[in-house]
Structure formats: structure tokens, C-alpha cells
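If you want the building blocks of each chain, they are given just below.
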Number of protein chains: 2
Amino acid sequence: MTAAANQNGRRATASRRLERAGIRDVAAAAGVSITTVSDALNGKGRLPDETRSRVREVAERLGYRPSAAARTLRTGRSGLIGLTVTTYGEEPFTFTEFAYFAEMARAATSAALGRGYALVVLPASSRHDVWGNIALDGTVVIDPPDQDPLVTELYRSGVPVVSDGKPGNCPVTAWVDNDHEAAVLGILEHLSEAGARRIGLLTGTSTDTYTRLSTEAYLAWCDRVGQEPVYEAYPAHDPAAGAVAADRLLARPDRPDAVYGLFDPNGTDLLAAARRYGLRVPEDLLLVCCSESDVYANTEPPITTLSLKPRRIGTTVVNLLIDAIEGVDAGSGSVPGRLFPPRYRTAGTGPPPGTLMPTELIVRASSQRRSPRTTISPPRPPGEV
Amino acid sequence: MTAAANQNGRRATASRRLERAGIRDVAAAAGVSITTVSDALNGKGRLPDETRSRVREVAERLGYRPSAAARTLRTGRSGLIGLTVTTYGEEPFTFTEFAYFAEMARAATSAALGRGYALVVLPASSRHDVWGNIALDGTVVIDPPDQDPLVTELYRSGVPVVSDGKPGNCPVTAWVDNDHEAAVLGILEHLSEAGARRIGLLTGTSTDTYTRLSTEAYLAWCDRVGQEPVYEAYPAHDPAAGAVAADRLLARPDRPDAVYGLFDPNGTDLLAAARRYGLRVPEDLLLVCCSESDVYANTEPPITTLSLKPRRIGTTVVNLLIDAIEGVDAGSGSVPGRLFPPRYRTAGTGPPPGTLMPTELIVRASSQRRSPRTTISPPRPPGEV
DNA sequence: CTGCGTCGCAGATACGTTTCTCCATGACTG
DNA sequence: CAGTCATGGAGAAACGTATCTGCGACGCAG
């Protein structure tokens, strides 16, 4: 009795219900062994082209689709990458990072797909059973909080983790972040050159890297140039709180004559607040905010924005992760030219490799006094209308 | 020789490298069989609580995590749902649907997670090998084009498919869509009541359901009330083309005194175009556009928008899909009270079940000739789905 | 005619679960 | 005391693939 007949028999005996064709069925139909089918379809082994194409044809005819689960089990690779986003509240995405996140996720999806991987969106707050039930080859973590237990567990269980945002106190394989310090300093300098005398900051109360580094850079700058810090912090995940904070900032006795807002909605909120106080932008108030939205190109006046270039970040993060996945799995091997040799995973070699990416300041009318020429209008005392 | 020793021996013989603890290791450590471990951890079988908790404790101590791949292979369920978005160009998301898609995806992710599933983002244009490599329990398809081959193949291979957007000519398990006809008629009526004499439309050139139904409803209305249609169509996926089309529309000799724009950026584009032509909004031109963005609450003037309520759609779509997945798999069974009995999957029983969901018109200053004081702009309830 | 290398493929095993089947053991009933 | 039943658990068969090992046949040199 041939093996094919045997296996086919077992199949038929077990159940004669509708079943998707398996590799065994293809083997039987083509009159070859399972090995041959596998080799033919995956381009491995030593087979004459004739056999290869015949097997392929039979597989096609039978509508054979290899079982992803079986392949994953066998190879240990699922082709799945987790995209973890830290959550505030029960919604999976942070509201304030929304445009940033959307763009970044889009780029990450593209990049992953281009290398044969797919992305699974997994809020960090997900039920643990969901996390455990998915075979992930690696994970991208967006802005992990300090001591993120999730990241720690993932890393310990051997899953490569690359974070968007310099990680606080958890081990990651690699990380990517903007140069927030340089970005903030650039903006402050830009505003100063435009004539700002007292620059205020609209910042957040949370402790993520972005908020922290940006605020620190602002405070350091204030200290250096001798300006008293003027800032308001609010819970960035609360969409209503931003408008209130913007209002508070402009209502202060030491009202700033220029403001940088760290979050996307700050631009419109500040603009609305300025209107309420009868402040003209940019004459009485210079405005910059961090945003990926191009609505700020069409506001009245258009608002200068800082772009974190999320597409670039998303692409980089995914590529680093996949490099790590494929590099690590080549494992203790001596594959030359690997971008990410295994040593990156070993502990004790110091901090994980990080990449700083530049930001881009898109200068519009809101941060330029007069016509965007070279002349700088004389500074104006705050409060004057 | 006991089974445990045997299996342990095999394990140790095979390789003594670092390996994640498997169910066998737990069984050996707890001094029970594999069956018992599986039953204890999954809450099945007949076991005294003492054994159960002991096994759980051992598993915890060993850091045991069941292999998702093995479980998927065995049970046939991966807990993964595909989220497919039709693409124009190479970017995975359609630009014009962006805010809609983002909100919808967010809600879908939440809903799926709440029921123990995770979402995989899969552009329809993905490399076929990526599609084939993922074990999906079902798929959500956003606005499938007519005769979508992908959907057809998925459906044929037995994967439940639920579409957002009434499907053209491809078989799906179920679908959800807005009542676009009612929405457009409502807007036209609203504009008429505000005093519009000639209502124009800014529409798209693509053939997706949304564009088609909306345009048809507009044309039908024109026919009924005896107005000559005044519209401009442009490729909605091209962000630059919208502004040009808006300009064209207002430059026509038969310039409309009210415009409805089908796509998100139309509001700002129309506003800018109106400014260029010296038209005041709403005095000379009434404006409504379809958008999920709340920037239109703060434009000058605020613009009336039609919300498609993407959160509600996303939630509904996912729930329908999971109902189908779990209902189908209970299979030929006689499980009572199933929301989606298997009969929905059988062919020949007519069109698949569809659900129409209402839209919401958020009336703002741009579509009201008189003082907008009397009407109350509905505040967004924070917990709204 | 023997030994050897290559070609083309078949067998068997392992991946790590879930689950069906079945066997002890004791308790209880008649 | 024999039969029945519930209890607690063990064994083994899948799930569908990839891959390691090995084997017959064939060509060719010695």
C-alpha cells in the first residue's frame, strides 16, 4: 500500500465533509509525496522544473492554500507584528496623538507589508488573553511609559520589541524617536527671531517621553535665556481640557506674546482663545503647535506647525523590528552582513541602540510678524491690544 | 517508565537550548498528564479545584504561555479578524476617507478586543502571499468595489466577510451601510429650508457605493424638484484636485447658492474658494460637507457637517462578523438564540442581510441664513459610541 | 564489474496544542 | 457481594506543515 493511498484513506475515513484541500490532497492528486509538494511550492529541494510546475498546477487546480497556522507552528514565524499603542481611558488610541498615530500606523503598515509582514493593532490595555492568543514575531510599541510591564514581559519572552519614543525604564531591542530637544529649541529660537519676548508653553500632565522631554527642553531654555517659564499643563487625552488650558494661558497676568502648543488641537484652541481676548495673530500673539494635520494651512491665519514626520518614524521602526526578527532568528548563526546581529539582544552591553530622527518646522503666517520678509517687528508689550 | 519521564526525556534529548516552557514541561513539573494541564488551564474536564489550582500555579511559576500557533492549528480559530481597506495608489488608506476610516477602525478594534479578537490591517492590494500567510477567522471589508475578486475568494474559501458599504456584486456574509439616500435628501431639504434656490454638489469620480448612491440621490432629487443639476466630480483620492474642483464649481455661470461636498476636505476647500470669489458664507453661499472632523466647529464660520457615525458602523460590523464566525462554527449545530444562524451563509437564499444605519447632521452657521442662536448645536456626549 | 557521486524523491518526525476515548478506583445500591 | 455510577485522570490521535534523513537508480571512472 502506498503512502498516498494510506493517507488519503485516513482522510476519507476521518470525515467526508467539505474540507479545504491540504498538502496531502495535492500530493495524492499529483502522484508525489508531501515532501515534493512542499519543496515544489516553496522553491526548495532539488526538483526538475517539470515536477515543480506540475505540482504547482495541481495545487492551483485544487485551490490549495497552505495553512498559516500549521506553517507558523512548524517554522516558528507568523509574519505578524504587533502595533501597541498606550491607551488612556478605554479607547484604543490616544486622542491627542491621533493624526500622528494614524500617519505613523499607515506608514508602518506599508513598510511591514512590503517585507511580507502584517500588522496587528493591540492596545496595551487589551485583555491579557488576547495578547497571549496571538503569535507575534515582534512588536512595535508606541511611547511606552516607564517600567511598562507589557514591554518587559514581551522582551523577556524573547519577542523583539522596538519602541517609537525613547523607552524609559524597560528593555527594548531598539528604539526610534524624534530629537524633541532640538525641535523645541528650534521653535523657541524661531519665535525669538520673530520678535517674541515671552514664550509660553501649552503642555501635558502625562509622563510620556514626548511631553517630558519637550517640557524639559523648554524649561532649560528659559533658564538659559533668563525668561520666567510661562506654561499650562493639562491632561492631553481629554479633548475638552485643551481649550480650557489655552484660555488659562492667555488669561494670565504674565500673558505670553508667543505660544508653543505640544498637541495637535492646541492650534485651533489657542486661535479661538486669542480671538476671545481680542488678540491678533500674529501681531499680538505668535503661534506654533505640533501637528500633522494640514488644516493648519487653511486656518485664518495659517498656523506654523512642527511635524514629527510620523511616516518616517513608522517606516524606520518597522524596518528595525523586522531586521531584528530576521537577524535574531538566523540566531547564533554566522550570517554575515546582518543589520542586526544577535548581540543587540544580549543584556549587559549597555543601552539598546536608538535612532534620533529630525523634525520639520512648517513655517506659516502665525509665527511671522509682518510679511514673511527679513525685517523683524519690534517686540510688543504683552497685554497691549 | 511513565509518560512524563518519556516525554521529558525526548525533550531533553532533542535539544537542551533555551526553550519556552511547553505544556509538557508543566505536566511533568506538576506530576500530571498533559490532558490534565490543558483541562485545568482551560477550565474544562472534571477536575477537583485542588488539582486545578496546583496546575495553574506550576504553570505560572514556569512562565508557561500556550503557543497560539498550536492552538490555532488544533482549534481552527485564530482570534484574528482582517480589516481590509480598499486602496487607491500605494498607500494603504484612502486619503479622503481618512477621518472616517480612523474612527471606524478605532471602534472596530475596541469592539473586537472586547470579544477577544484582534484586528489585522490588510490593504486589499497586499501581496497575495501576505494574505495567504495569515489565519483569519473572518474579515471586515471597507467599501468593496464591484466584483471584488478578493472578497469573492475569501467568501468561497469559507471565511465570513462583512462589508462596510453595501457590496456591489460580490457575495458577503452581511453588510452595514449608512442610509446615504436619506442623508442626502435630508441635507438638500435642510438647505432648501434655509433658502437655497440652486444646490450644487461636489462629488467624486470613483464608483464606490458611497459616491454612487449619494450622487444618484442628488440627481433624483434634482429631477423631482425640477432643478438643473450643478455638480463637479473629481478623483477623491487626490488631495489637490478637491480645491480645483471647488473652484470650478463656484466659477460656473450657473453658480449654486448652496453646496454639499461629499468629502472631508471639501469644507475648507469650498470656504477658501468662496473667499476668493468674495462670497460670504452663509449669506451668499450655504455650505455643508460630509466629515468626521471637529475642526469644522471652529472654522470661520463653523461649517455644517454630515457625520456618518463611523464608530457605530465599526462596532456593528465587527459584532456582525463575530456573530457569524461563532455562529457558523457552532456550525450545523442547533445552538438556540444565535444571532447569526448558519442559514445566512447558505447560497441561494437571496441577498445577504444588510443593516442601514442613520447619519447625523450637525447643523452649524454655514447652512443657516438667520441667526444661529435659536438652534442648539448638539454637544458631543463624551461616552457616545 | 565495482565503487562513487548526483539526482529525484519518499518516510518519518516534530511543532504544541486540544480533545476523544477509555481505564482505574472507590462509593453506593440492591 | 455483585453490579452500577461518578470521579479523576491517562493515552493517543489528530491539526497541516517543514525538514532531516536516507534510499534507489543512474552515469561514469577506475
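About the criteria used
- Positions within a chain are numbered from 1, following the residues in the order the chain's sequence is written.
- For this description, chains carry letters from A and ligands carry numbers from 1, given in the order in which they are written.
- Reporting of local features is limited, given that this is a predicted model, to residues whose pLDDT is at least 70; pairs of side-chain atoms are given and counted only at 80 or more, and all residues count toward the totals for whole chains, interfaces and linings.
- Note: side-chain values were computed over all heavy atoms of the structure, leaving out hydrogens and water.
- Each residue is tested against the molecule or strand, and it is near if at least one of its non-hydrogen atoms lies within 4 Å.
- Whenever a nitrogen or oxygen atom comes within 3.5 Å of another N or O atom, the pair is scored as a polar contact, on the condition that within protein one atom can donate a hydrogen and the other can accept it, and that pairs from neighbouring residues in sequence are kept only if both atoms are in side chains.
- Only runs of H or I of at least four residues qualify as helices and only runs of E of at least two qualify as strands under DSSP, and these elements are numbered from the N terminus.
- Polarity classes work like this: nonpolar for Ala, Val, Leu, Ile, Met, Phe, Trp, Tyr, Cys and Pro, charged for Asp, Glu, Lys and Arg, and polar for all others, with Gly in that last group.
- Ring geometry is summarised as follows: Phe, Tyr and Trp rings, the Trp one being its six-membered ring, pair when their centres sit within 6.5 Å, and such pairs are stacked at plane angles under 30 degrees, edge-to-face over 60 and tilted between the two.
- Only protein chains enter the calculation, and the probe is 1.4 Å; a residue is then buried if its accessible area is under 20% of its type maximum, exposed if over 50%, and partly exposed in between.
- Definition used for salt bridges: Asp or Glu carboxyl oxygen within 4 Å of a side-chain nitrogen of Lys or Arg.
- By definition, residues are in contact when any of their heavy atoms lie within 4.5 Å.
- Buried area adds together the accessible area that both of two parts lose upon being put together, with accessible area traced by a 1.4 Å probe.
- Copies are brought into register by a least-squares superposition over C-alpha atoms of residues with pLDDT of at least 70 in both.

**Student:** Explain the protein's contact with DNA strand C to me, please; I cannot follow it from the model alone.
**Tutor:** Around DNA strand C, a shell composed of 31 residues is seen, among which Ser33(A), Thr35(A), Arg46(A), Ile23(B) and Arg74(B) lie nearest. Those atoms of DNA strand C that come within 4 Å of the protein belong to sugar or phosphate at a rate of 57%. The side chain of Tyr64(B) places a nitrogen or oxygen atom 2.9 Å from a sugar or linking oxygen of DNA strand C. Looking at the surface near DNA strand C, the elements that each hand over two or more residues are helix H3 (34–42) and helix H5 (68–75) of chain A together with helix H1 (3–14), helix H2 (23–30), helix H3 (34–42) and helix H5 (68–75) of chain B. Among the elements that line the surface near DNA strand C, the one with the most residues is H3(B), at 5 residues. Considering only residue class, the surface near DNA strand C consists of 10 nonpolar, 11 polar and 10 charged.

**Student:** Help me understand the packing of aromatic side chains in this model?
**Tutor:** Aromatic ring pairs are defined here through the distance separating the ring centres and the angle between the ring planes. All names here are of chain A. Enumeration according to the criterion identifies 6 aromatic pairs over all chains in this entry. Considering the side-chain rings of Tyr218 and Tyr231, the 6.4 Å spacing of their centres and the 80° angle between planes classify their relative orientation as edge-to-face. Here Tyr231 lies in strand E7 (residues 230–234) and Tyr218 lies in helix H10 (residues 209–225), a separation of 13 residues in the sequence. Take Tyr218: its relative accessible area is 0%, and that puts it in the buried class. With relative accessibility at 35%, the residue Tyr231 sits in the partly exposed group. In this structure an aromatic cluster arises from ring pairing among Tyr210, Tyr234 and Phe263.

**Student:** Please explain the pattern of salt bridges as it appears in this structure.
**Tutor:** For side chains bearing opposite charge, pairing can occur when the charged atoms are close. Inspection of every chain in the model, using the stated rule, returns 25 salt bridges over all chains. A salt bridge links Glu232(A) to Arg252(A); the nearest nitrogen and oxygen atoms lie 3.2 Å apart. With Glu232(A) in strand E7 and Arg252(A) in the loop between helix H11 (239–251) and strand E8 (258–261), this pair connects stretches of sequence that are 20 residues apart. Judged by relative accessible area, which is 13%, Glu232(A) ranks as buried. One salt bridge in this structure joins Asp254(B) and Arg252(B), with 3.0 Å as the shortest N-O distance. One network of salt bridges, with partners in common, ties together Glu232(A), Arg248(A), Arg252(A) and Asp254(A).

**Student:** Can you help me understand the interface of chain B and chain A in this one?
**Tutor:** Counting from both sides, the interface comprises 49 residues of chain B and, opposite them, 49 residues of chain A. Both faces considered, chain B and chain A share a buried interface measuring about 3900 Å² in area, 60% of it formed by carbon and sulfur atoms. The three residues of chain B that bury the most area against chain A are Arg106(B), Leu113(B) and Asn133(B), which together make up 15% of that side's buried surface. Run the count over chain B and chain A and you get 3 salt bridges.

**Student:** I keep staring at the environment of Gly168(A) and nothing clicks. Help me out?
**Tutor:** Residue and element names in this part refer to chain A. Positionally, Gly168 belongs in the loop between strand E4 (161–164) and strand E5 (174–178). Its relative accessible area of 36% is what places Gly168 among the partly exposed residues. For Gly168 and Asp148, which are 20 residues apart along the polypeptide, the C-alpha to C-alpha distance reads 8.5 Å.

**Student:** Quick question: what am I supposed to make of the relation of the copies chain B and chain A here?
**Tutor:** Both copies of the chain are tied together by a single rotation about an axis and a shift running along it. If you rotate chain B by 180° and push it 0.1 Å along the axis, it lands on chain A with an RMSD of 0.1 Å. Both copies are brought into coincidence by an operation consistent with a two-fold rotation axis. Among all residues of chain B, the minimum C-alpha distance to the rotation axis is found for Val120(B), at 2.2 Å. Interface overlap between copies: 96% of the residues of chain B at the interface are likewise at the interface in chain A, consistent with a symmetric, same-surface contact.

**Student:** I tried to follow the protein's contact with DNA strand D on my own but got confused; where do I start?
**Tutor:** Taken together, 27 residues lie around DNA strand D, and Ile23(A), Arg74(A), Ser33(B), Thr36(B) and Arg46(B) are the ones closest in. Sugar and phosphate atoms constitute 57% of the interface atoms of DNA strand D, taking the interface as everything within 4 Å of the protein. In the model, a phosphate oxygen of DNA strand D is placed 2.5 Å from a nitrogen or oxygen of the Ile23(A) main chain. In terms of residues, the surface near DNA strand D owes the most to one element, H5(A), which gives 4 residues. In terms of residue class, the surface near DNA strand D is made up of 9 nonpolar, 10 polar and 8 charged.

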